[in-house]
Amino acid sequence: MEFDKRAADLILKANDLADTEKLAAFLAAQAEPGTVIALDGDLGAGKTAFSQLFAKHLKVEQQVNSPTFTLIKEYEGRLPFYHMDVYRLSLEEADELGLEEYFEGQGATLVEWASLIEELLPSAYLHIYIEVMGMNERQIYLKGQGSPYEQWLLDLKREWGTES
(Lines give C-alpha, C1' and ligand atoms only; values in the text may rest on other atoms or scores of the structure.)
Protein backbone atom coordinates (compact mmCIF):
# COMPACT_ATOMS: atom_id res chain seq x y z
CA MET A 1 0.00 0.00 0.00
CA GLU A 2 1.28 3.44 -0.90
CA PHE A 3 1.88 6.12 1.74
CA ASP A 4 -1.08 8.53 1.85
CA LYS A 5 0.56 11.97 1.94
CA ARG A 6 -2.77 13.63 2.74
CA ALA A 7 -2.96 11.63 5.98
CA ALA A 8 0.45 12.83 7.23
CA ASP A 9 0.49 14.21 10.77
CA LEU A 10 3.45 16.43 9.96
CA ILE A 11 5.10 17.64 6.75
CA LEU A 12 8.65 18.99 6.95
CA LYS A 13 10.69 20.69 4.27
CA ALA A 14 14.34 19.69 4.25
CA ASN A 15 16.30 22.27 2.28
CA ASP A 16 19.49 20.20 2.46
CA LEU A 17 21.08 17.17 4.07
CA ALA A 18 21.60 19.14 7.30
CA ASP A 19 17.82 19.44 7.72
CA THR A 20 17.43 15.71 7.10
CA GLU A 21 20.13 15.08 9.70
CA LYS A 22 18.30 17.30 12.19
CA LEU A 23 15.24 15.05 11.83
CA ALA A 24 17.30 11.85 12.04
CA ALA A 25 19.07 13.13 15.17
CA PHE A 26 15.76 14.01 16.85
CA LEU A 27 14.30 10.57 16.11
CA ALA A 28 17.46 8.73 17.20
CA ALA A 29 17.37 10.60 20.51
CA GLN A 30 13.79 9.42 21.07
CA ALA A 31 14.47 5.81 20.05
CA GLU A 32 13.99 3.09 22.63
CA PRO A 33 13.82 -0.70 22.48
CA GLY A 34 11.06 -1.70 20.07
CA THR A 35 11.17 1.51 18.00
CA VAL A 36 10.01 0.84 14.44
CA ILE A 37 10.41 3.37 11.64
CA ALA A 38 8.81 2.55 8.29
CA LEU A 39 10.62 4.46 5.54
CA ASP A 40 9.32 4.98 2.03
CA GLY A 41 9.96 7.47 -0.73
CA ASP A 42 10.88 8.20 -4.27
CA LEU A 43 13.78 6.29 -5.82
CA GLY A 44 16.90 8.27 -4.97
CA ALA A 45 15.09 10.37 -2.37
CA GLY A 46 17.60 9.57 0.33
CA LYS A 47 16.16 6.66 2.29
CA THR A 48 19.57 5.09 2.82
CA ALA A 49 21.11 8.49 3.61
CA PHE A 50 18.41 9.03 6.23
CA SER A 51 19.13 5.54 7.63
CA GLN A 52 22.84 6.34 7.84
CA LEU A 53 22.16 9.60 9.68
CA PHE A 54 19.75 7.90 12.06
CA ALA A 55 22.39 5.25 12.78
CA LYS A 56 25.06 7.91 13.28
CA HIS A 57 22.93 9.54 15.98
CA LEU A 58 22.28 6.15 17.56
CA LYS A 59 26.08 6.06 18.00
CA VAL A 60 26.58 3.25 15.46
CA GLU A 61 30.26 3.33 14.54
CA GLN A 62 30.24 0.89 11.63
CA GLN A 63 29.60 2.02 8.05
CA VAL A 64 25.87 1.67 7.37
CA ASN A 65 25.00 0.86 3.78
CA SER A 66 21.95 -0.36 1.94
CA PRO A 67 20.91 -3.86 2.95
CA THR A 68 19.23 -4.42 -0.44
CA PHE A 69 20.87 -7.79 -1.08
CA THR A 70 21.28 -8.97 2.51
CA LEU A 71 17.77 -7.79 3.56
CA ILE A 72 18.63 -7.19 7.22
CA LYS A 73 21.79 -5.75 8.73
CA GLU A 74 22.40 -5.49 12.45
CA TYR A 75 24.58 -2.83 14.06
CA GLU A 76 25.57 -1.95 17.61
CA GLY A 77 25.10 1.53 18.99
CA ARG A 78 23.30 3.11 21.94
CA LEU A 79 20.65 0.56 20.99
CA PRO A 80 20.98 -2.30 18.54
CA PHE A 81 20.05 -0.96 15.09
CA TYR A 82 18.24 -3.26 12.66
CA HIS A 83 18.31 -1.90 9.11
CA MET A 84 16.05 -3.66 6.62
CA ASP A 85 15.37 -3.26 2.93
CA VAL A 86 12.34 -5.24 1.77
CA TYR A 87 12.24 -3.91 -1.80
CA ARG A 88 13.03 -7.29 -3.36
CA LEU A 89 10.77 -9.36 -1.09
CA SER A 90 7.25 -10.58 -1.56
CA LEU A 91 4.92 -10.27 1.41
CA GLU A 92 5.10 -14.04 1.88
CA GLU A 93 8.92 -14.05 1.87
CA ALA A 94 9.00 -11.19 4.36
CA ASP A 95 6.53 -13.01 6.61
CA GLU A 96 8.84 -16.03 6.70
CA LEU A 97 11.75 -13.90 8.01
CA GLY A 98 10.20 -13.52 11.46
CA LEU A 99 10.38 -9.74 11.39
CA GLU A 100 8.28 -9.44 14.53
CA GLU A 101 11.30 -10.63 16.53
CA TYR A 102 13.14 -7.51 15.38
CA PHE A 103 10.12 -5.23 15.81
CA GLU A 104 9.60 -6.42 19.38
CA GLY A 105 13.31 -6.71 20.19
CA GLN A 106 15.76 -4.64 22.17
CA GLY A 107 16.74 -2.37 19.31
CA ALA A 108 15.46 0.22 16.87
CA THR A 109 14.29 -1.07 13.49
CA LEU A 110 14.24 0.96 10.29
CA VAL A 111 12.54 -0.64 7.28
CA GLU A 112 13.18 0.80 3.82
CA TRP A 113 10.29 0.29 1.34
CA ALA A 114 8.07 -0.57 4.31
CA SER A 115 4.80 0.00 2.45
CA LEU A 116 5.48 -3.30 0.64
CA ILE A 117 5.05 -5.18 3.94
CA GLU A 118 2.62 -2.88 5.72
CA GLU A 119 0.50 -5.86 6.81
CA LEU A 120 3.49 -7.22 8.76
CA LEU A 121 4.35 -3.99 10.61
CA PRO A 122 3.46 -3.77 14.29
CA SER A 123 0.40 -1.78 15.35
CA ALA A 124 2.59 1.13 16.53
CA TYR A 125 5.29 2.63 14.29
CA LEU A 126 6.44 5.86 12.71
CA HIS A 127 5.91 6.06 8.95
CA ILE A 128 8.10 8.46 6.96
CA TYR A 129 7.83 9.25 3.26
CA ILE A 130 10.60 11.24 1.55
CA GLU A 131 9.77 13.07 -1.68
CA VAL A 132 12.30 14.73 -3.99
CA MET A 133 11.49 18.42 -4.49
CA GLY A 134 14.74 19.61 -6.09
CA MET A 135 18.44 18.82 -6.26
CA ASN A 136 18.88 18.90 -2.46
CA GLU A 137 15.37 19.70 -1.25
CA ARG A 138 13.07 17.06 0.17
CA GLN A 139 9.53 17.08 1.49
CA ILE A 140 9.26 14.67 4.42
CA TYR A 141 5.86 13.34 5.42
CA LEU A 142 5.46 11.75 8.85
CA LYS A 143 2.59 9.70 10.26
CA GLY A 144 2.59 8.38 13.81
CA GLN A 145 0.77 5.12 14.41
CA GLY A 146 0.16 4.75 18.14
CA SER A 147 2.38 5.41 21.12
CA PRO A 148 4.99 6.85 21.47
CA TYR A 149 5.09 8.10 17.88
CA GLU A 150 2.13 10.48 18.02
CA GLN A 151 3.81 12.26 20.95
CA TRP A 152 7.15 12.34 19.11
CA LEU A 153 5.47 14.21 16.27
CA LEU A 154 3.94 16.75 18.65
CA ASP A 155 7.38 17.29 20.17
CA LEU A 156 8.94 17.48 16.71
CA LYS A 157 6.44 20.18 15.63
CA ARG A 158 7.58 22.30 18.57
CA GLU A 159 11.29 21.63 17.95
CA TRP A 160 11.11 22.19 14.19
CA GLY A 161 9.00 25.31 14.72
CA THR A 162 6.14 24.30 12.45
CA GLU A 163 2.46 23.71 12.89
CA SER A 164 2.01 21.69 9.68
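Residues numbered from 1 in each chain as written. Predicted model: local features only at pLDDT ≥ 70, side-chain atom pairs only at ≥ 80, totals over all residues. Heavy atoms only, no water.

1. Some details on the overall build of the protein
Part 1: A count of helical and extended segments in the protein gives five helices and seven strands.
Part 2: Walking the protein from its N terminus toward its C terminus, one meets helices and strands in the order β-α-β-α-β-β-α-α-β-β-β-α.
Part 3: At 14 Å, the protein has a C-alpha radius of gyration in line with the 15 Å of a compact globule built from 164 residues.
Part 4: With respect to the three principal axes, the spread of C-alpha positions in the protein is 40 × 30 × 30 Å.
Part 5: Across the 164 residues in the protein, those meeting the buried criterion constitute 49%.
Part 6: Partitioning the intrachain contacts of the protein with sequence separation of at least 6 by distance along the chain shows that 65% fall at a separation of at least 24.
Part 7: A total of about 8000 Å² of accessible surface is found on the protein, and carbon and sulfur atoms cover 48% of it.
Part 8: For the protein, the distance from the average position of its 14 positive side-chain charges to the average position of its 29 negative side-chain charges is 8 Å. (Helix = DSSP H or I, 4+ residues; strand = E, 2+ residues; numbered from the N terminus. Rg over C-alpha atoms; globule rule 2.2 N^0.38 Å. Buried < 20%, exposed > 50% of the residue type's maximum accessible area, 1.4 Å probe, protein only. Contact = heavy atoms within 4.5 Å. Areas by Shrake-Rupley, 256 points an atom, 1.4 Å probe, with all protein chains shown as cover. Lys, Arg positive; Asp, Glu negative; His and termini not counted. Charge placed at Lys NZ, Arg CZ, Asp CG, Glu CD.)

2. Comments concerning the confidence of the model for the protein
Part 1: The predicted model of the protein has a mean per-residue pLDDT of 91, with 95% of residues at 70 or higher.
Part 2: When mean pLDDT is taken per element in the protein, strand β6 (residues 125–132) scores highest with 97 and helix α3 (residues 91–96) scores lowest with 82. (pLDDT = per-residue confidence, 0-100.)

3. Re the pattern of salt bridges
Part 1: In this structure the tally under the stated criterion is five salt bridges.
Part 2: Salt-bridge contacts for D4 lead to R6; the nearest nitrogen and oxygen are separated by 3.2 Å.
Part 3: Residue D4 is classed as partly exposed on the basis of its relative accessible area of 35%.
Part 4: Using a relative accessible area of 78% as the deciding quantity, one classes R6 as exposed. (Salt bridge = Lys/Arg side-chain N within 4 Å of Asp/Glu carboxyl O.)

4. Topic: the nonpolar core
Part 1: The biggest cluster of nonpolar side chains holds 51 residues, and the ones touching the most others in it are L27, F50, F54, I128 and L142.
Part 2: Beyond its immediate chain neighbours, meaning those up to four positions away, L27 contacts I37, F50, F54, L126, I128 and W152. (Core = buried A, V, L, I, M, F, W, Y, C linked by side-chain atoms within 4.5 Å.)

5. Quick notes on the side chain of S51
Part 1: Within the element layout of this structure, S51 appears in helix α2 (residues 47–57).
Part 2: Once residues within four sequence positions are removed from consideration, S51 is found in contact with L39, F81, H83, L110 and E112.

6. Here we look at the packing of aromatic side chains
Part 1: By the definition in use, this model includes eight aromatic pairs.
Part 2: When the ring of Y87 is compared with that of W113, the centres are 4.7 Å apart and the planes differ by 50°; the resulting orientation is tilted. One end of the pair, Y87, is in the loop between β4 (81–85) and α3; the other, W113, is in the loop between β5 (108–112) and β6, with 26 residues separating them in the sequence.
Part 3: According to the relative accessible area criterion, W113 is buried, its value standing at 16%.
Part 4: Three or more aromatic residues joined by ring pairs make a cluster, and in this case those are F3, Y129 and Y141.
Part 5: The ring of W113 carries K47 above its face, with NZ or CZ at 4.1 Å from the centroid. (Phe/Tyr/Trp six-rings, centres within 6.5 Å; stacked < 30°, edge-to-face > 60°. Lys NZ or Arg CZ within 6 Å of the ring centre and 35° of its normal.)

7. Describing a negative patch on the surface
Part 1: Residues E92, E93, D95, E96, E100, E101 and E104 make up a contiguous surface patch of negative charge.
Part 2: Of all the elements in the fold, those that place two or more residues in the negative patch are α3 and α4 (99–103).
Part 3: Ranked by residues supplied to the negative patch, first place goes to α3 with four residues.
Part 4: Relative to the helices and strands, E101 resides in helix α4. (Patch = residues over 30% accessible without salt bridge, like charges linked within 9 Å, V, L, I, M, F, W, Y side chains within 5 Å.)

8. A look at the pairing of strand β3 (residues 72–75)
Part 1: In this sheet, β4 lies alongside β3 in antiparallel orientation, the contact comprising four bridges. Within β4, the residue paired with K73 across the bridge is H83.
Part 2: Between β3 and β4, which pair antiparallel and follow one another directly, the connecting turn spans five residues. (Pairing = 2+ DSSP bridges.)

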